[in-house]
Amino acid sequence: MSDDARAATRRTVTLEKDPEPAPAAPGHGRARRFWSARRLPSAVVALLALAGAGLLLYDVAAVRAGRPAMAWRRRLADELATRPLDDPWVLGGAAAAMAVGVWLLVLALTPGLRGVLPMRRATPDVRAGLDRAAAALVLRDRAMQVSGVQSVKVTAGRRTVKVAAVSHFREPDRVRADLDAVLGEGMHGLGLARPLRRSVHVRRPKKR
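The structure reproduced in this document is the subject of the present report.

Rules of the game
- Residues numbered from 1 in each chain as written.
- Predicted model: local features only at pLDDT ≥ 70, side-chain atom pairs only at ≥ 80, totals over all residues.
- Heavy atoms only, no water.
- Pairing = 2+ DSSP bridges.
- Helix = DSSP H or I, 4+ residues; strand = E, 2+ residues; numbered from the N terminus.
- Axes fitted to C-alpha atoms, helices over the stretch in contact; angles between N-to-C directions.
- Contact = heavy atoms within 4.5 Å.
- Expected span 1.5 Å × (residues − 1).
- Buried < 20%, exposed > 50% of the residue type's maximum accessible area, 1.4 Å probe, protein only.
- Left-handed = near helix turned anticlockwise from the far one by under 90°.
- Nonpolar A, V, L, I, M, F, W, Y, C, P; charged D, E, K, R; others polar.
- Patch = residues over 30% accessible without salt bridge, like charges linked within 9 Å, V, L, I, M, F, W, Y side chains within 5 Å.
- Areas by Shrake-Rupley, 256 points an atom, 1.4 Å probe, with all protein chains shown as cover.
- Salt bridge = Lys/Arg side-chain N within 4 Å of Asp/Glu carboxyl O.
- Core = buried A, V, L, I, M, F, W, Y, C linked by side-chain atoms within 4.5 Å.
- Lys, Arg positive; Asp, Glu negative; His and termini not counted.

## Remarks on the sheet that holds strand β5 (residues 197–203)
The pairing of strands in a sheet happens through backbone hydrogen bonds and is either parallel or antiparallel. Pairing is mixed in the open sheet, where three strands are placed in the order β3-β4-β5. For this open sheet the edge positions go to β3 (149–156) and β5, each flanked by a neighbour on one side alone. In this sheet, adjacent strand axes meet at a mean angle of 15° when their direction is disregarded. Pairing analysis gives seven bridges linking strand β4 (residues 160–167) to β5, with the strands arranged parallel. Residue Ala 164 lies in a different strand from β5, and its bridge partner there is His 201. Helix α5 (residues 132–144) rests against β3 and β4 of the sheet, and its axis sits at about 160° to β3. Across the face of the sheet, helix α6 (residues 172–189) comes into contact with β3, β4 and β5 while running at roughly 150° to β5.

Right, here's the structure in full:
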């Protein structure tokens, strides 16, 4: 065999070899989760505080002007002065206030936006995220290309991708192995900062 033929054979073998996923590029800083603006809770708290402060300020100004205090404020002052601390109403109000306070602290200290998966940072000044529904759709399209897959459902969570496929021909074990390989390449191509675990289940279609 001539040298040109040997070179052509080597090129053919190289082109037909299954491509391996490229190594991940070095990141620029830690890819953290995206923080939610919390617009709705902030607006609700601000409106309630504004309404309460405005009503109280109006009542205090009316009392300073010589008018009697509103009935609700007089009753509230009497209740606070006469009810003991172990009264069920006092305990219930304190528990509700504590629950609201804990809820606000959790909103203030947690990122939120659980539906956005952070991606690897290619440059230090740019952050990117991928919606979990979009990631599931991309992986579903890749899974449907596997031979033997009739239908597939992909659910992308924060840490795990769950795949439930129906195989109408081929052995389920072989289909599962092919799905696992294809999904591994697809998940690498998503460019996520934290690799997701995958759970693949393959079953036969139900008999009618």
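And the narrative resumes.
## A closer look at α6
Along its 18 residues, α6 runs 25 Å from first to last C-alpha, staying within 8% of the 26 Å computed at 1.5 Å per residue. Every buried residue of α6 is listed here: Val 175, Leu 179, Leu 183, Gly 184, Gly 186 and Met 187. For α6, the secondary structure elements touched by its buried residues are α5, β3, β4 and β5.

## Describing the packing of α5 against α6
The geometry of α5 relative to α6 is characterised by a closest axis approach of 9 Å and an angle of 145° between their N-to-C directions. Both α5 and α6 take part in a crossing whose hand is right-handed. Note on element contacts: α6 touches α5 through Leu 179, Val 182, Leu 183, Glu 185, Gly 186 and Met 187, opposite Leu 139, Arg 142 and Ala 143. Of the residues in the contact of α5 with α6, the class split is six nonpolar, one polar and two charged.

## Side note on a nonpolar patch on the surface
Together, Leu 55, Leu 56, Val 60, Trp 72, Leu 76 and Leu 80 line one region of the surface with nonpolar side chains, adding up to about 550 Å² of accessible area. Mapped onto the nonpolar patch, the elements with two or more residues apiece are α2 (39–64) and α3 (71–82). For Leu 55, a relative accessible area of 41% corresponds to the partly exposed category.

## Here's the deal with the nonpolar core
The nonpolar side chains of a soluble globular protein tend to be buried, and buried together. Of all hydrophobic cores here, the largest spans 23 residues; its most connected members are Leu 139, Val 152, Val 154, Val 161, Val 163 and Leu 179. Among the elements of the structure, α5, β3, β4, α6 and β5 are those that each provide at least two residues to this core. In this view, Val 163 contacts Val 152, Lys 153, Val 154, Leu 183, Ser 199, Val 200 and His 201; residues no more than four positions away in its chain are not counted.

## Let's talk about the side chain of Arg 38
Position of Arg 38 among the secondary structure elements: in the loop between α1 (3–16) and α2. Despite its burial, Arg 38 pairs with no opposite charge, the nearest such side chain being Asp 131 at 15 Å. Apart from residues no more than four positions distant in its own chain, Arg 38 is found in contact with Val 106, Leu 107, Thr 110, Pro 111 and Gly 112.

## Details of the environment of Val 152
Examined against the element boundaries, Val 152 turns out to sit in strand β3. When the C-alpha positions of Val 152 and Ala 165 are compared, they lie 4.1 Å apart, and in sequence the two are 13 residues distant. If sequence neighbours within four positions are ignored, Val 152 has contacts with Arg 140, Ala 143, Met 144, Val 163, Ala 164 and Ala 165.

Honestly, that's just the spatial picture; any functional story needs more than this.
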